[in-house]
Number of protein chains: 2
Amino acid sequence: MNLLEKLHSEVASLSKSERKVADVILADPQGAIHKSIATLAQLAEVSEPTVNRFCRTLGTKGYPDFKLLLAQSLVKGTPFVNRHVEQDDSTEDFTGKIFESTMAALNVTRKHIDIDRLEQAIEALSNATKISFFGLGASASVAHDAQNKFLRFDTPVLFSDDVMMQRMAAINSGPTDVLVFISHTGRTKALCEIAAIARQTQATVLGITADPSPLADECSIVLSSQVPEDTDVYMPMASRIAQLVLIDVLITGYTLRRGPDFRDKLRLIKESLRDSRFDKHKG
Amino acid sequence: MNLLEKLHSEVASLSKSERKVADVILADPQGAIHKSIATLAQLAEVSEPTVNRFCRTLGTKGYPDFKLLLAQSLVKGTPFVNRHVEQDDSTEDFTGKIFESTMAALNVTRKHIDIDRLEQAIEALSNATKISFFGLGASASVAHDAQNKFLRFDTPVLFSDDVMMQRMAAINSGPTDVLVFISHTGRTKALCEIAAIARQTQATVLGITADPSPLADECSIVLSSQVPEDTDVYMPMASRIAQLVLIDVLITGYTLRRGPDFRDKLRLIKESLRDSRFDKHKG
DNA sequence: CAATAAATGTAATAAAATTACAAAAGATAA
DNA sequence: TTATCTTTTGTAATTTTATTACATTTATTG
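The present account deals with the structure reproduced in this document. (Residues numbered from 1 in each chain as written. Chains lettered and ligands numbered in written order. Predicted model: local features only at pLDDT ≥ 70, side-chain atom pairs only at ≥ 80, totals over all residues. Heavy atoms only, no water.)

**Comments concerning the pairing of strand 4 (residues 204–209) of chain B**
Residues and elements named next belong to chain B.
Here's step 1: Taken across its six residues, strand 4 has six buried, putting it largely inside the fold.
Here's step 2: Both faces of strand 4 are covered, namely the face carrying Thr204, Leu206 and Ile208 and the face carrying Val205, Gly207 and Thr209.
Here's step 3: After leaving strand 3 (residues 177–182), the chain enters helix 11 (residues 189–200) and then returns to the sheet as strand 4, a path that is right-handed.
Here's step 4: Across four bridges, the pairing between strand 4 and strand 5 (residues 221–224) is parallel. Across the sheet, residue Leu206 finds its bridge partner in strand 5, namely Ile221. (Buried < 20%, exposed > 50% of the residue type's maximum accessible area, 1.4 Å probe, protein only. Helix = DSSP H or I, 4+ residues; strand = E, 2+ residues; numbered from the N terminus. Right-handed = clockwise from strand over helix to strand, strands pointing away. Pairing = 2+ DSSP bridges.)

**Things to note about the sheet that holds strand 1 (residues 130–135) of chain B**
Sheet strands line up and pair through hydrogen bonds in the backbone, either parallel or antiparallel.
All names here are of chain B.
Here's step 1: Spatially, the five strands line up as an open sheet ordered 2-1-3-4-5, and their pairing is parallel. Both outer strands of the open sheet, strand 2 (157–160) and strand 5, are each paired with one neighbouring strand and no more. Between one strand axis and the next, the sheet turns through 15° on average, direction left out of account.
Here's step 2: By the bridge criterion, five bridges tie strand 3 to strand 4 in an arrangement that is parallel. By the bridge assignment for strand 4, Val180 is matched with Leu206.
Here's step 3: Across the face of the sheet, helix 11 comes into contact with strand 1, strand 3 and strand 4 while running at roughly 165° to strand 3. (Axes fitted to C-alpha atoms, helices over the stretch in contact; angles between N-to-C directions. Contact = heavy atoms within 4.5 Å.)

**Some thoughts on the side chain of Gln166 of chain B**
Residue and element names in this part refer to chain B.
Here's step 1: Counting through the fold element by element, Gln166 comes out in helix 10 (residues 163–171).
Here's step 2: Classification of Gln166 as buried rests on a relative accessible area of 0%.
Here's step 3: If sequence neighbours within four positions are ignored, Gln166 has contacts with Phe134, Gly135, Leu136, Ser160, Asp161, Leu191 and Ile194.

**With respect to the protein's contact with DNA strand D**
Here's step 1: Lining the immediate environment of DNA strand D, one finds 17 residues, of which Ile37 and Asn52 of chain A together with Ser15, Ser17 and Thr50 of chain B sit closest.
Here's step 2: Considering DNA strand D, the proportion of its atoms within 4 Å of the protein that are sugar or phosphate atoms stands at 71%.
Here's step 3: Note that a phosphate oxygen of DNA strand D is positioned 3.1 Å from one of the backbone N or O atoms of Tyr63 of chain A.
Here's step 4: Lys16 of chain B places a polar main-chain atom, nitrogen or oxygen, 3.4 Å from a phosphate oxygen of DNA strand D.
Here's step 5: Elements with a contribution of two residues or more to the surface near DNA strand D: helix 5 (48–57) and helix 6 (63–73) of chain A together with helix 2 (16–27) and helix 5 (48–57) of chain B.
Here's step 6: Considering only residue class, the surface near DNA strand D consists of six nonpolar, seven polar and four charged. (Near = heavy atom within 4 Å. Polar contact = N/O pair within 3.5 Å; in protein donor to acceptor, adjacent residues only side chain to side chain. Nonpolar A, V, L, I, M, F, W, Y, C, P; charged D, E, K, R; others polar.)

**A look at the pattern of salt bridges**
Side chains bearing opposite charge may pair, as long as their charged atoms lie close to each other.
Residues and elements named next belong to chain A.
Here's step 1: Taken as a whole, this structure holds 17 salt bridges over all chains when the rule is applied.
Here's step 2: Between Asp211 and Arg117 there is a salt bridge whose closest N-O contact spans 3.3 Å. Taken together, the positions of Asp211 in the loop between strand 4 (204–209) and helix 12 (214–217) and Arg117 in helix 8 (residues 115–127) put the pair 94 residues apart, joining distant regions of the chain.
Here's step 3: Assessed through its relative accessible area of 28%, Asp211 is described here as partly exposed.
Here's step 4: The class for Arg117 is partly exposed, based on a relative accessible area of 29%.
Here's step 5: The closest approach of N and O atoms between Glu123 and Arg257, which form a salt bridge, is 2.1 Å. Of this pair, Glu123 sits in helix 8 while Arg257 sits in helix 13 (residues 238–258), placing them 134 residues apart in sequence.
Here's step 6: Classification of Arg257 as partly exposed rests on a relative accessible area of 42%. (Salt bridge = Lys/Arg side-chain N within 4 Å of Asp/Glu carboxyl O.)

**What to know about the side chain of Gln147 of chain B**
All names here are of chain B.
Here's step 1: Its place among the elements puts Gln147 in helix 9 (residues 138–150).
Here's step 2: When its relative accessible area of 15% is taken as the criterion, Gln147 is described as buried.
Here's step 3: Setting aside residues no more than four positions away along its own chain, Gln147 makes contact with Phe133, Val157, Leu158 and Phe159.

**Details of the protein's contact with DNA strand C**
Here's step 1: Ser15 and Ser17 of chain A together with Ile37, Asn52 and Arg56 of chain B are the nearest of the 18 residues found near DNA strand C.
Here's step 2: Within 4 Å of the protein, the contacting atoms of DNA strand C are drawn from sugar and phosphate to the extent of 73%.
Here's step 3: One of the backbone nitrogen or oxygen atoms of Ser47 of chain A is found 3.0 Å away from a phosphate oxygen of DNA strand C.
Here's step 4: Here a phosphate oxygen of DNA strand C sits 3.0 Å away from a polar atom, N or O, in the main chain of Tyr63 of chain B.
Here's step 5: Put simply, the parts of the chain that give the surface near DNA strand C at least two residues each are helix 2 (16–27) and helix 5 of chain A together with helix 5 and helix 6 (63–74) of chain B.
Here's step 6: The greatest single-element share of the surface near DNA strand C, amounting to four residues, is contributed by helix 5 of chain B.
Here's step 7: When its residues are assigned to classes, the surface near DNA strand C shows six nonpolar, seven polar and five charged.

**Description of the packing of aromatic side chains**
All names here are of chain B.
Here's step 1: Counted by the stated rule, this structure contains twelve aromatic pairs over all chains.
Here's step 2: Seen in terms of ring centroids, Phe133 and Phe150 are 5.3 Å apart; in terms of plane orientation they differ by 40°. Their pairing is tilted. Of this pair, Phe133 sits in strand 1 while Phe150 sits in helix 9, and the two are 17 residues apart along the sequence.
Here's step 3: With relative accessibility at 1%, the residue Phe150 sits in the buried group.
Here's step 4: A ring pair is formed by Phe150 and Phe153, whose centres lie 6.1 Å apart and whose planes are at 55°; its orientation type is tilted.
Here's step 5: For Phe153, a relative accessible area of 7% corresponds to the buried category. (Phe/Tyr/Trp six-rings, centres within 6.5 Å; stacked < 30°, edge-to-face > 60°.)

**Focus: helix 10 (residues 163–171) of chain A**
Counting along an α-helix, one turn takes 3.6 residues, and residues three or four places apart therefore face a common direction.
Residue and element names in this part refer to chain A.
Here's step 1: Turning to helix 10, its buried residues are Gln166, Ala169 and Ala170. Looking straight down helix 10, one finds that the buried residues subtend no more than 100° of arc, so they occupy a single side. Along helix 10, the residues that are exposed and aim more than 90 degrees away from the buried face are Met164 and Ile171.
Here's step 2: In this fold, the buried residues of helix 10 make contact with strand 1 (130–135), strand 2 (157–160), strand 3 (177–182) and helix 11 (189–200).
Here's step 3: The N-cap of helix 10, judged by a side-chain oxygen 2.9 Å from the amide nitrogen of Met164 a few residues on, is Asp162. (Arc of directions from axis to C-beta.)

Below is the structure:
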């Protein structure tokens, strides 16, 4: 965790005066790194030693060290911030913002991934005799995508964006099946019900959703895709991308676990698709 | 250019003593950022003011400023590279690689976006009386996603991943329609044929695909999604994400062009969905 | 409402960086 | 070469900056 994130997360546990310092820094971190301890103390309306103590509380050696670490945490490395699109943005502006926000979401997701759960999920998928992907609305296309990928393997795959179909599939699932539920909010009633049904059949219920959430409660394994997002007017964008990448990770793990033989099969599939394509070097 | 690169490139044009300072810093930049001007001067066997002058020569305000910038340049800056997954990668390893590669793809795509074409595309979509999204295989889910998003507006939207359906829709299109063709390679024969048909009806044919490619040749507007990719055993991953983000950009432009009234409508849709969800603060 | 602990500030001190100026070192032209 | 000028470097003083020691205030607990 870099210093800026640490500051954000620990601001609550700071004393009154130290919080004043934190506020000033958070208001303009870029400016803060060029201020002397005296200037900063004045801005925060505290004494200089308070600023110094504040630095030590954050685990740094002193004020100069703090500035150094702060400067590093401000560098383009985690520069991807969730910036809101405004009505009067130029095309260039909002394009940049959307790309940045998406990358920010991926960054956050990667950092918060629970590798243990991920391995559990891959393990479950590898042992499954049938895999189903369920999503509704915006998450339907994510489930659709997952199906596309898993179709290339020999395990039967099902995808549905229809509540009745999903319900039937859930009822007919068994202990060796994996059902993957994809939902941005984790609050879609229909999906929660279906997950509960699947759970009763002792199938593995894998959730790619917000955690905690009602849907997460119904799952045997949850991969959290929660991303700090603009739940504003614009529809879920970034979190859906994060979900897709999580699925990429799952399928990669699945492929690797199957070993080199499987990769040969994949190659065969690729080749069989070639006939339906124009030759690369023809035009 | 960051400070460390600058230092490397200007070391030749420095004076004798200043070069000594440069050498000491380059030998251990990470260590240098924690040294005082006195320590550094001693190590370089020069006087303190020489170190200070050295900093100014490099275009910084002084020694503390120099250290700050040096610290920043030492941070892993936008290092997102397309790294290949290996058979013996740990879960953590390949997860990191996939996230990084995806971010790298987004970075590349953003850099190569042609804003003019993007605006043409948004313009065309805004004036369309009907919008269709076509994709096959892995690109079908991208088209599916696009439909989901555009369904929230009042312009009729069609999505299909079926060649016959697509063909019929293309034949029945007209000059006020926009047909969006999504393809990773731009070489899928069926899709090219359908695009050609659509072209003849004078509809706007928008391609989200590789450029140049046979499909791109059939399009009136092409948004390039070509990403340097692992066409290896693993299936297209990152390019698909880039396509989705391009669609996010399109819909955002579309929404903004419709103005604030439209945003109210979106809010209404969101609220109407609320009933099908669990309350956020209940469970 | 004491007694104690925690937080904060004041003032002194120490450390660090910068400046002004002087001394070398090097370049240029008679 | 040497006188003159420019550039480079160092010394010492000065200023700025950060830290420490200690006093004061504020909060907490029995």
